[in-house]
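Topology and contacts: notes
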Amino acid sequence: MSSEHSITARFEDGVELTFSCGEGENILAAAMRQDVRLLCQCRKAYCGSCKALCTEGDYHLGKLINVQVLPPNEEEDGVVVTCDTFPRSEMMLEFPYTSDRLGSMKPAAECSARVVVVEQISSVVYRFVIAPLDTATGASLPFNFVAGQYVEIGIPDTDKARAFSISTAPSAAGELEFLIRLIPGGAFSHYLKTRASVGESVALRGPMGEFVLRPSPRPRALVGGSTGLAPLLSMLRDVASGNRGQDEYHLFFGMQDPASMFFEAELRALAKTMPNLTVHLALMDPPDGWDGFVGNSVAAFAAYFAARADKPDVYLCGPGPMVDAAIAACQRLAIPDAQIYREEFVASGS
Ligand SMILES: Cc1cc2nc3c(=O)[nH]c(=O)nc-3n(C[C@H](O)[C@H](O)[C@H](O)COP(=O)(O)OP(=O)(O)OC[C@H]3O[C@@H](n4cnc5c(N)ncnc54)[C@H](O)[C@@H]3O)c2cc1C
Ligand code: FES
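Residues numbered from 1 in each chain as written. Chains lettered and ligands numbered in written order. Predicted model: local features only at pLDDT ≥ 70, side-chain atom pairs only at ≥ 80, totals over all residues.

Quick notes on the overall build of the protein chain
When helices and strands are counted, the protein chain shows seven helices and 19 strands. A globule of 350 residues ought to have a C-alpha radius of gyration of about 20 Å, and the protein chain, at 21 Å, matches this closely. Along the first, second and third principal axes, the C-alpha atoms of the protein chain reach 70 × 50 × 35 Å. A buried classification covers 40% of the 350 residues belonging to the protein chain. In the protein chain, the proportion of contacts linking residues at least 24 apart, taken out of those at least 6 apart, comes to 69%. (Helix = DSSP H or I, 4+ residues; strand = E, 2+ residues; numbered from the N terminus. Rg over C-alpha atoms; globule rule 2.2 N^0.38 Å. Buried ≥ 20, exposed ≤ 12 C-beta atoms within 10 Å, placed from the backbone. Contact = placed C-beta atoms within 7 Å.)

Listed below in structure tokens is the structure:
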């Protein structure tokens, strides 16, 4: 049996490219090695940008892939995540884009950054601020990104890295802020709680991601659960800094209870500086006198737009179940799929 297999990649415009892939090599790595520059970002099986449909051939999926990135129905249909899929025979793959997009995703840049703030801001959330550095000179490095994008941050003294969305606006160039939910048993969470310290250096890779505001004449609903607030806040801060006109924005953000809530004062202050923004705060277990919504951010969004005739563009971010619930709410509100943008905070490391 040959240990090299021929892989044919077919694109939406009918173009086909063929390259070879060893049995122990993932398809994406093999393509890149032979200068077939397929679309990809994380290369660790969590972003979904490298997916293709296998129409012929045999393969096995790697251990990095989880159900949020490749749900069972897609797996049954033959969808593969090429950065963690290994051929067992010749394969025919169909990619959901035209060949002129090959190479259009630049490899994420790598640099280091200095830790500036490590601060627990609620029972379950840390605020983490870093300043990107020029590795050669140690001077501050301007970090160009689009509001809504994410980076990977390395955990010092390990080979692990995790993905986190930037919550600052691109104009706050010198420092990048992150809102990080503590995951029980999580490696980055453990680092934050036990040894992250101001002044130390961390590795940074990015920016990455397509979850960014799109031009639109419609109102925009930004729906965040827990630290899913981060990229939405970056977008709003960008709007506030003058880059996006006076369109109508609604932010729906919720947590379980007052102990887990964070950035309430910041969001109320942001709404005061942006007459075109309404902030809808939600708590599942509110204290006496709570003037916000009682329930979660998805329910707050659904209740508010059920009472309106127009259909907003919707930006969803948070844990998988929250995003799924929000999509179901959009369907009940008859919001077209093309107006729904999502970023799921799935596990981003092994
Ligand atoms: C594009 C992107 C952007 C993200 N941005 C943010 C952000 O701004 N803020 C933030 O708090 N998180 C964000 N996340 C999620 C975060 O990267 C993961 O939760 C990360 O794995 C946590 O690292 P950890 O080392 O603490 O836990 P890990 O060591 O990675 O995980 C420990 C255990 O928990 C499970 N697990 C980890 N995270 C999740 C999850 N989200 N859902 C279900 N199970 C999980 C793992 O499978 C593992 O079993 C983002 C994820 C993606 C893909
Ligand atoms: S590049 Fe394969 S899932 Fe991100």
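Further notes follow.
Here we look at the site of ligand 1
Neighbouring ligand 1 are 26 residues; Gly 186, Phe 188, Ser 189, Ala 347 and Ser 348 lie closest to it. Listing elements by their share of the shell around ligand 1, those giving two or more residues are β11 (161-165), β12 (176-181) and α3 (187-194). For the shell around ligand 1, a count of residues per class yields 15 nonpolar, eight polar and three charged. (Near = placed C-beta within 6 Å. Nonpolar A, V, L, I, M, F, W, Y, C, P; charged D, E, K, R; others polar.)

Some remarks on unusual backbone geometry
The omega torsion of the bond from Gly 206 to Pro 207 falls at 5 degrees, within 30 degrees of zero and hence cis. Despite not being glycine, Asp 35 has its phi angle at roughly 65 degrees, a positive value. With respect to the element layout, Asp 35 can be found in the loop between α1 (27-33) and β3 (51-56). We classify Asp 35 as exposed; it has 10 C-beta atoms within 10 Å. For Ala 334, which is not glycine, the phi dihedral falls at a positive 60 degrees. Inspection of the secondary structure assignment puts Ala 334 in the loop between α7 (320-332) and β19 (340-344).

What about the pairing of β11?
The side chains of a regular strand alternate, first on one face of the sheet and then on the other. Summarising burial for β11: five of the five residues are buried, a large majority. Of the two faces of β11, the one lined by Ala 161, Ala 163 and Ser 165 and the one lined by Arg 162 and Phe 164 are each fully buried. Relative to β11, strand β10 (residues 150-154) runs antiparallel, the two being bridged by five bridges. Bridging from a neighbouring strand, Glu 152 pairs with Ala 163 of β11. From the end of β10 to the start of β11, which pair antiparallel, there are six residues, and Asp 157 there has a positive phi angle of about 65 degrees. (Pairing = 2+ DSSP bridges.)

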